[in-house]
Amino acid sequence: MAMARSTRATMVALGLATLIFAAAMIAHSHELNDAEIVAVPLNPDDPNQKRIGQLEYRGGLDIPPMGQNIGGLSGLRWDAESGRLLAITDDARWVWLTPAEEDGQLVGIADFEVGNLLGVDGEPLTGKEQSDSESLTRSTEGGWLIGFERNHRVLSYASLSAVPTKSPIDPVRAVGPLDDNGGLETLATSENLRLACAERTANDKTPNCLRSQFGLAAYGQGMFFAIPPSPLDQRGGVPTDADILANDTVVILFRSYSPQDGSGAALVAYAAEGTSRELAVLLPPLTVDNFEGLAVREEGDKTFLYIVSDDNFSSNQRTLLMKFEVLPQEPLSVQ
């Protein structure tokens, strides 16, 4: 549901950006004239509010299409080597975003790059049935695993511009029957662990996530129940992304929506031993939309979380990118 547009706090002019058409393998440069990115507060009713739950707000942006139809962002990952965020879209494109930050605060987008995802036939993916990419994670080989819904499958990309191969991960075998528009919304990997979650609610008979371990027996393997905190648990909250910290603590992003209640989101940490801890719940009047992407960024003793919303290419929704810092006095790991 569209939220009231917050008062414009910042206008960030983008300089030169590059659009890569992966299908043609030709790079094209596009100059963006006064593309406006609007800073958003955590709470439009109280712009001074910076804390929510165990998180400190480090800035947020309302990102326009920027001349390249930027939108439909789902999975999100932080790439420490390049200092960029990678997102995928609902129409099988990848988007690299370089955040502009000052003193740890997210203030804009320095540049971005866009390209098409190819299918196993080497052609760009087209049509909703084939191109609805929703989940994203690094593969153990160093490339990327991307999950699709409708035609439920996971493709393995050595690089984002490469022709993929079909991954042995079978979404239906992993997490059970899937609706057309409710597929493998979450994929996350670490050296020891892989997590896959379906976009559905969990109950005492129907788990919605599969956790599998690569080398440490302590993690176990099998289905488990990812249930959001109140009130999202009563509003049909579902997992829409997750990422894994260096210590193998899993952070899951939940999203809910109803015409009566609008959008809601929550972040929950799951420790290795199976205990969970609520980090934050985002509900109006806080700035919230259809959040579907989560990326963890660890630097020294600091942990940052980025979340991004999927605007469904609709004028009634926004592409929001928000940054939070986990408060150091309340670490993620549950002892």
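Check the entry above for the structure.
Because the structure is predicted, anything quoted here is derived from the model rather than measured.

Turning next to the overall build of the protein chain. For the protein chain, the count of helices and strands is two helices and 24 strands. The 335 residues of the protein chain split such that 57% are buried. Counted over contacts in the protein chain with a minimum sequence separation of 6, partners at least 24 positions apart contribute 53%. Counting every atom, the protein chain has about 13,900 Å² of accessible surface; 48% of that belongs to carbon and sulfur.

Now for the pattern of salt bridges. Opposite charge on two side chains permits pairing when their charged atoms draw close. One pass over the structure, following the stated rule, counts 16 salt bridges. In this structure, Arg255 engages Glu292 in a salt bridge whose closest nitrogen and oxygen atoms are separated by 3.0 Å. Of this pair, Arg255 sits in strand 19 (residues 250–258) while Glu292 sits in strand 22 (residues 291–299); the two residues are 37 residues apart in sequence, bridging distant segments of the chain. Judged by relative accessible area, which is 9%, Arg255 ranks as buried. A network of salt bridges, in which partner residues are shared, links Glu101, Arg297, Glu299 and Lys323.

Before going further, it helps to examine the sheet that holds strand 10 (residues 133–138). An order of 10-11-12-13 is seen for the four strands of this open sheet, with the pairing classed as antiparallel. Bordering the open sheet on either side are strand 10 and strand 13 (165–166), each of which pairs with just one other strand. Across five bridges, strand 11 (residues 144–148) lies against strand 12 (residues 153–157) in antiparallel orientation. By the bridge assignment, Gly147 is partnered in strand 12 with Val154.

A few words on the pairing of strand 16 (residues 209–213). Sheet analysis places strand 15 (residues 193–198) next to strand 16, joined by five bridges and oriented antiparallel. Bridging across to strand 16, Leu195 finds its partner in Arg211. Where strand 16 lies against strand 17 (residues 222–224), three bridges are found, and the strand directions are antiparallel. Note on strand 17: the bridge partner recorded for Cys209 is Phe224.

Take the nonpolar core next. Ranked by internal contacts, the top residues of the largest apolar core, which has 25 residues, are Leu55, Leu267, Leu282, Phe291, Leu305, Ile307 and Phe324. Counting residues per element, the ones that place at least two in this core are strand 5 (55–62), strand 19, strand 20 (262–270), strand 21 (276–282), strand 22, strand 23 (302–309) and strand 24 (320–326). A per-element tally of this core places strand 24 first, with four residues. Beyond its immediate sequence surroundings of up to four residues, Phe324 is in contact with Leu42, Ile52, Leu55, Glu56, Tyr57, Arg58, Leu282, Thr303, Phe304, Leu305 and Ile307. Ranked by size, the runner-up nonpolar core spans 20 residues in total, among them Ile37, Leu76, Leu85 and Ala87.

What follows concerns the environment of Ser212. Looking at the secondary structure, you find Ser212 in strand 16. Residue Ser212 is classed as buried on the basis of its relative accessible area, which comes to 14%. Sequence spacing of Ser212 and Asn192 is 20 residues, and the spatial spacing of their C-alpha atoms is 8.6 Å.

What the rule picks out here adds up to four aromatic pairs. For the pair Trp78 and Tyr306, a centre-to-centre distance of 5.8 Å together with 10° between the ring planes defines the contact as stacked. Within this pair, whereas Trp78 is found in strand 6 (residues 73–79), its partner Tyr306 is found in strand 23, the two being separated by 228 residues in sequence. For Tyr306, a relative accessible area of 0% corresponds to the buried category. Seen in terms of ring centroids, Phe224 and Tyr270 are 5.7 Å apart; in terms of plane orientation they differ by 65°. Their pairing is edge-to-face. With Phe224 in strand 17 and Tyr270 in strand 20, this residue pair connects regions lying 46 residues apart in the sequence. Of the residues examined, Tyr270 reaches a relative accessible area of 7% and is grouped as buried. Sitting over the face of the ring of Phe224, Arg211 holds its NZ or CZ atom 4.7 Å from the ring centroid.

With respect to topology, four strands assemble into an open sheet ordered 14-15-16-17, the strand pairing being antiparallel. Edge positions in the sheet fall to strand 14 (184–189) and strand 17, since each has one partner strand and no second. Strand-to-strand twist of the sheet, defined as the mean angle between neighbouring strand axes without regard to direction, takes the value 20°. Bridge analysis of strand 14 against strand 15 gives five bridges, and the strand direction is antiparallel. Along strand 15, the bridge assignment pairs Leu184 with Ala198.

The rules behind each value
All residue numbers refer to positions counted from 1 along the written sequence of the respective chain. Since the coordinates come from a predicted model, pLDDT governs what is reported: local features require at least 70, and pairs of side-chain atoms require 80 or more to be given and counted, while whole-chain, interface and lining totals use all residues. Values reported for side chains reflect all heavy atoms of the structure, with hydrogen atoms and water molecules removed beforehand. Strands are runs of DSSP state E lasting at least 2 residues, helices are runs of H or I lasting at least 4, and numbering of each runs from the N terminus. Note on exposure labels: buried denotes an accessible area under 20% of the residue type's maximum, exposed denotes more than 50%, and partly exposed covers the range between, all computed with a 1.4 Å probe on protein chains only. Contacts are residue-level and defined by heavy atoms, with any inter-residue pair within 4.5 Å sufficient. Accessibility throughout is a Shrake-Rupley quantity obtained with a 1.4 Å probe, and a residue counts as covered only by protein chains that appear here. We count a salt bridge whenever a side-chain nitrogen from Lys or Arg sits within 4 Å of a carboxyl oxygen from Asp or Glu. Here a strand pair is declared whenever DSSP counts at least two bridges between the two strands. In this description, a nonpolar core means a group of buried Ala, Val, Leu, Ile, Met, Phe, Trp, Tyr and Cys residues linked to one another through side-chain atoms lying within 4.5 Å. Two aromatic rings, drawn from Phe, Tyr or Trp (for Trp, its six-membered ring), form a pair once their centres lie within 6.5 Å of each other, and the interplanar angle then sorts them: stacked below 30 degrees, edge-to-face above 60, tilted otherwise. Here, a charge over a ring is recorded when the distance from Lys NZ or Arg CZ to the ring centre is within 6 Å and its angle to the ring normal is within 35 degrees. Axis lines are fitted through C-alpha atoms, for helices just across the contact stretch, and the angle between N-to-C directions can take any value from 0 to 180 degrees.

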